[in-house]
Amino acid sequence: MAAGSFRRSIASQLSKVLDLPPENLIKSISAVPVSKKRNVADFQLSLASVKENSSSDCLAQDLHLQAQQLAERLKCDSVVSAISAGPGTVNFTINRELLAKTVLQQVWKDGSEYGVKSELFSTVPRQKAVIEFSSPNIAKKFHIGHLRSTIVGNFIANLKVALGHEVVRINYLGDWGMQFGLLGVGFQSFGNKEKLKSSPLQHLFEVYVQINKAAEDENTKKLAKDFFRKLEEHDEQTLSIWKQFRDLSIEEYIRIYKRLGVHFDEYSGESLYQEKAQEVLKVLEDKGLLQKTIKGTGIVDLSEKKDLSTVSTVMRSDGTSLYITRDLAAAIDRMNKHSWDTMIYVTDKSQSNHFQHLFQILKLMGYDWAERCQHVSFGLVQGMKTRRGEVIFLEDVLNEVRSRMLQNMSSTKTTKEVQDPVETAEKVGLAALIIQDFRGLLSSDYQFSWDRALQSRGDTGVFLQYTHARLHSLEQMHGNAELTDVNVACLQEPDAISVLQHLLRYDEVLYRSSQDLQPKHIVTYLLTLSHLAAVAHKTLPVKGSAPDVAQVRHGGAGGQHDPAGLCQPSCVTTGGNTSLQAEEPTARLSQGSKGLLQLHPPKTQHSLRTAAPDPVKHLFVTFPSKCFKSKHLSI
């Protein structure tokens, strides 16, 4: 990792002055974010972070004064060309030619693994992670509330896989409970087998709505209880109906997941744990943890003083299990089956209390691994409506985003004809949807805006797709060639340096996301990179420049210019089969492209080159492919 070699060099010099091991200083040295101010340093040492990890007397003074004193004791060398002090920081500027050469060579060498090989991850053990996400309710349409769980869980899974961890993706379905009693009775009254086969989720939803209206009737309630009782007793005919509902629902879910680019390793569900939940209740009773209330329900006392001020209900008065009891059984079963190192549940924040109780009960039962369970919560999306009104189902949203994107494309004069505009509109629109969701903290509620999400300019998914498609278009036109020796002395313009500086930060961005599981760090990085590329293509032309300058901006020595004077090599991350080039953002959308939010890394190294609408080509610098085809943001 380019940044790693610079951090190690700086740490080596600092260790001699501070009398601290270099490895203790590495994580305190960070790349400086790109600024509109010119001539900013490349790295800075935070004295506060060093002080936290050290009892050294030399760090006990005022941090600002300390920074000045430390800067005076350090010397420039072949790597560092300038050293200065800031508020509590010591700033280091890297030799500009060395910066360009090292970054370019490192990206070419690492390819799709650029950033992942950083020493920042050297102390992070490879683990097996079980991630439960999405988890819709069987026989109900995929509610929009499950969208965030699906895309957030998928992001976390992709990020961990990209960093070398083993991941098991589990979809824990709500496929058991009294609602199936109602649904079974409802289908006998209102069901249609043909509609069930053609549109299972829609039809079952309609049946469920109808039977709920009739559920006030005592006879209907009795019938529903009888149906569910037969289900729990494994009555063959009743189980057959339930299984048909479950199988058809999963088929429909898989179709929707395919539109989202999501897959699972395991479809689980509450139904698998009805018997094991009874075993959990027996263990709780044997350990003296299960207490009975006056009404006969089973509770576990979670209060510190054991005064029943905080309890969790785990059993109904009739002895049957509850949702949390089945969750306890599922957690134990997953440990026995997968021997995981960490298990992550991705749900909205309203379930935070549930998971606190779940983890507490597991610990009381003697399962120390409960400390390695984690609940990743997220806020609510507000204001997501179709043109017809309030959105209820996810598929409505997917159809809406496709429709709106198609309209935007058709209304833009510069949009060129594509073979499959519907698929293009869906993939670009979906990227827009996800980027808007991932721009802020997951725990925050946010107000959704179709207009803001689908803008072709600004910090949007459409803008990212536009940047990706523009670069991909160049690759199609000019092919792919490997970077060879170039005169990096010619790559010293401020806009070129800004791109190089930004590339230095990639491993830190990955590391931060890996620690807090927040996608916003990577999204912000990608948006900034896209803006830097847009600036560079305006200010660093190849055509009309001196040969050596044109060569380094072009991307390498030895390339042959075509008759039109175009630069040949364009090692841009591809997103699909073809890409279309035009003058405006909405026109350069990859036809059939999965876009920048993909799961699989490319097989070749890639580069970043910006493009103008005319034959004039611009800055071509090597670039980590995963930034524009990020498996970490896979949808």
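Definitions and cut-offs
- Residues numbered from 1 in each chain as written.
- Predicted model: local features only at pLDDT ≥ 70, side-chain atom pairs only at ≥ 80, totals over all residues.
- Heavy atoms only, no water.
- Helix = DSSP H or I, 4+ residues; strand = E, 2+ residues; numbered from the N terminus.
- Buried < 20%, exposed > 50% of the residue type's maximum accessible area, 1.4 Å probe, protein only.
- Contact = heavy atoms within 4.5 Å.
- Areas by Shrake-Rupley, 256 points an atom, 1.4 Å probe, with all protein chains shown as cover.
- Pairing = 2+ DSSP bridges.
- Axes fitted to C-alpha atoms, helices over the stretch in contact; angles between N-to-C directions.
- Expected span 1.5 Å × (residues − 1).
- Arc of directions from axis to C-beta.
- Parallel < 35°, antiparallel > 145°, perpendicular 65-115°, else oblique.
- Left-handed = near helix turned anticlockwise from the far one by under 90°.
- Nonpolar A, V, L, I, M, F, W, Y, C, P; charged D, E, K, R; others polar.
- pLDDT = per-residue confidence, 0-100.
- Salt bridge = Lys/Arg side-chain N within 4 Å of Asp/Glu carboxyl O.
- Phe/Tyr/Trp six-rings, centres within 6.5 Å; stacked < 30°, edge-to-face > 60°.
- Lys NZ or Arg CZ within 6 Å of the ring centre and 35° of its normal.

*Asks:* Just checking my understanding: could you explain the overall build of the chain for this structure?
*Replies:* On a plain count of helices and strands, the chain comes out with 21 helices and 18 strands. Relative to its 635 residues, the chain shows a buried fraction of 57%. In the chain, of all internal contacts separated by at least 6 residues, the share reaching a separation of at least 24 is 72%. Surface accessibility of the chain: about 27,400 Å² in total, with carbon and sulfur atoms responsible for 48%.

*Asks:* Where do I start with the sheet that holds strand β10 (residues 311–315) in this structure?
*Replies:* Consider a sheet: its strands pair through backbone hydrogen bonds, and that pairing is either parallel or antiparallel. Read across the open sheet, the three strands follow the order β8-β9-β10; overall the sheet is antiparallel. Edge positions in the sheet fall to β8 (290–292) and β10, since each has one partner strand and no second. Across the sheet, the mean angle separating the axes of adjacent strands is 45° when strand polarity is ignored. Here four bridges tie strand β9 (residues 298–301) to β10, and the two strands are oriented antiparallel to one another. Its bridge partner lying in β10, Asp-301 is registered against Val-311. On top of the sheet, helix α13 (residues 352–364) reaches β9 and β10; it is set at about 80° to β10, its chief contact.

*Asks:* Explain helix α11 (residues 274–286) here, please?
*Replies:* Each α-helix turn comprises 3.6 residues. Residues three or four places apart therefore point the same way. Taking 1.5 Å per residue, 13 residues should reach 18 Å; α11 reaches 19 Å between its end C-alpha atoms and fits that length. All of the buried residues in α11 are Gln-274, Ala-277, Val-280, Leu-281 and Leu-284. Along α11, the residues classed as buried sweep out an arc of 100° about the axis, all on the same side. Turned more than 90 degrees from where α11 packs its buried face, Glu-275, Glu-279 and Asp-286 sit exposed. In this structure, the buried side of α11 is in contact with α9 (218–232), β8, β9, β10, α12 (323–338) and α13. Just beyond α11, the residue with positive phi is Gly-288, at close to 75°.

*Asks:* Help me understand helix α6 (residues 179–190) in this model?
*Replies:* Between its first and last C-alpha atoms α6 spans 15 Å; for 12 residues at 1.5 Å apiece the expected length is 16 Å, and the two agree. Taken as a whole, α6 has its buried residues at Phe-180, Gly-181, Leu-182, Leu-183, Gly-184, Val-185, Gly-186 and Phe-187. Tucked into the core, α6 has its buried residues touching α7 (193–198), α8 (200–214), α9 and α10 (236–260).

*Asks:* I keep staring at the sheet that holds strand β4 (residues 89–94) and nothing clicks. Help me out?
*Replies:* Pairing is antiparallel across the open sheet formed by four strands, whose spatial order is β1-β2-β4-β3. Looking at strand neighbours, the two that pair on one side only are β1 (29–31) and β3 (80–86), the edges of this open sheet. For this sheet, the mean angle separating the axes of adjacent strands, direction not counted, is 25°. Pairing of β3 with β4, which is carried by six bridges, proceeds in the antiparallel orientation. Within β4, the position partnered with Ala-82 by the bridge is Thr-93.

*Asks:* Sorry if this is basic, but what is going on with unusual backbone geometry here?
*Replies:* Backbone phi values are negative for most residues with the exception of glycine, while trans is the configuration of most peptide bonds. With a phi close to 65°, His-234 is a non-glycine residue in the positive phi region. Mapping His-234 onto the fold places it in the loop between α9 and α10. At Leu-517, a position not held by glycine, the phi torsion is positive, near 60°. On the basis of relative accessible area, Leu-517 is assigned to the buried category, the value being 4%.

*Asks:* Is there a simple way to think about the packing of helix α14 (residues 394–411) against helix α15 (residues 421–438) in this case?
*Replies:* The relative placement of two packed helices is expressed as an angle between their axes plus a distance between the axes. In the contact formed by α14 and α15, the axes pass within 8 Å of each other and the chain directions differ by 110°. Our classification of the angle between α14 and α15 gives roughly perpendicular. The hand of the α14/α15 crossing is right-handed. Side by side, α14 and α15 meet where Val-397, Leu-398, Val-401, Arg-402, Met-405, Leu-406 and Met-409 of the first sit next to Pro-421, Val-422, Thr-424, Ala-425, Glu-426, Val-428, Gly-429, Leu-430 and Leu-433 of the second. Looking at side-chain class alone, the contact of α14 with α15 contains 12 nonpolar, two polar and two charged residues.

*Asks:* Quick question: what am I supposed to make of the confidence of the model for the chain here?
*Replies:* Residues at a pLDDT of 70 or more form 78% of the chain, whose mean pLDDT is 80. Low pLDDT, under 50, characterises residues 55–60; the stretch is placed with 10 contacts to residues that sit more than four places away or in other chains. Counting contacts from residues 556–635, a segment whose pLDDT is below 50, to residues more than four positions away or on other chains yields 311 contacts.

*Asks:* Any chance you could explain the pattern of salt bridges here in plain terms?
*Replies:* Where charged atoms from two side chains of opposite charge approach closely, those side chains can pair. One pass over the structure, following the stated rule, counts 28 salt bridges. One salt bridge in this structure joins Glu-252 and Arg-255, with 3.0 Å as the shortest N-O distance. Linking Glu-252 with Arg-255, this pair stays in helix α10, spanning three residues, or about one helical turn. A relative accessible area of 14% places Glu-252 in the buried class. For Arg-255, a relative accessible area of 36% translates into the label partly exposed. With its nearest N and O atoms 2.8 Å apart, the salt bridge here joins Arg-404 to Glu-400. With Arg-404 and Glu-400 both in helix α14 and four residues apart, this pair spans about one turn of that helix.

*Asks:* Any chance you could explain the packing of aromatic side chains here in plain terms?
*Replies:* The relation between two aromatic rings is expressed through the spacing of the ring centres and the mutual angle of the planes. The tally for this structure, following the rule as stated, stands at 18 aromatic pairs. Judged by centre distance (4.8 Å) and plane angle (45°), the ring pair of Tyr-345 and Phe-355 falls under tilted. One end of the pair, Tyr-345, is in strand β11 (residues 342–348); the other, Phe-355, is in helix α13, and 10 residues separate them in sequence. Accessibility classification places Tyr-345 together with Phe-355 in one group, the buried group. An angle of 45° between the planes, with centres 6.5 Å apart, marks the rings of Phe-463 and Tyr-466 as tilted. Of this pair, Phe-463 and Tyr-466 both sit in helix α17 (residues 461–478), three residues apart, roughly one helical turn. For the pair shown, Phe-463 and Tyr-466 are each scored as buried. Joined through ring pairs, the aromatic side chains of Phe-133, Tyr-257, Phe-264 and Tyr-267 make up one cluster. The ring centre of Tyr-172 lies 5.1 Å from the NZ or CZ of Arg-334, which sits over that ring.

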